[in-house]
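Here is how the chains run, residue by residue.
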Amino acid sequence: MLNPVIIFKMKELLEKFQKNHPKVMPFLRAVGQKGVTEGTIIEAKIIFPDETQMITNIQINEEDLELIRTYNEL
């Protein structure tokens, strides 16, 4: 069972995150509206303060879509 105190804390942290990074949620909503399908490539790039970078990507398959659908049902 989920702890209500932790849920409330997570809600507060998410609200702060959205305030600090206002472009993230509209971006995720736009992605959700278009729909992630099999073959979609998701890429992540991290740039550290010392300017080193790390980049990775994944190509979505049917098992990944099942995970996404199940998560969305939560």
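In the block above lies the structure referred to throughout.
Residue numbers restart at each chain and count upward from 1, following the sequence in its written direction. The predicted nature of this model means local features are confined to residues of pLDDT at least 70 and side-chain atom pairs, given and counted, to a pLDDT of 80 or more, with totals for whole chains, interfaces and linings taken over all residues. Hydrogens and waters are ignored; side-chain quantities use all the structure's heavy atoms.

## Structural notes on the pairing of strand E2 (residues 53–59)
Okay, so step 1: One bridge is not enough; two strands pair if DSSP finds at least two bridges between them. In this text, helices come from DSSP runs of H or I with a minimum length of four residues, and strands from runs of E with a minimum of two, each type numbered from the N-terminal end. As judged from the 7 bridges shared by strand E1 (residues 41–47) and E2, these two strands associate in the antiparallel manner. If you follow Lys45 over to E2, its bridge partner there is Ile55.
Okay, so step 2: Taken together, E1 and the strand that follows it, E2, pair antiparallel across an intervening segment of 5 residues, in which Glu51 is found at a positive phi of about 75 degrees.

## Examining the layout of surface pockets
Okay, so step 1: Buried and open spaces are told apart on a 1 Å grid over the protein atoms alone, a cavity being a set of points where a 1.4 Å probe fits but cannot get out and a pocket being an open set with protein on both sides within 12 Å along at least five of seven lines. Residues with an atom within 4 Å of a point are the lining residues. Grid points are joined across faces, edges and corners, and a volume is the space filled by probe spheres set on the points. In this structure, the largest pocket spans a volume of roughly 730 Å³.
Okay, so step 2: Met25, Leu28, Ile68, Tyr71 and Asn72 are, among the 15 residues lining the largest pocket, the residues nearest its centre.
Okay, so step 3: Secondary-structure elements contributing two or more residues to the lining of the largest pocket are helix H2 (24–34) and helix H3 (62–73).
Okay, so step 4: Of the residues forming the lining of the largest pocket, the biggest block, 6 residues, is contributed by H2.
Okay, so step 5: Residues are grouped as follows: Ala, Val, Leu, Ile, Met, Phe, Trp, Tyr, Cys and Pro are nonpolar; Asp, Glu, Lys and Arg are charged; all remaining types, including Gly, are polar. Looking at the lining of the largest pocket residue by residue, the class counts come to 10 nonpolar, 4 polar and 1 charged.

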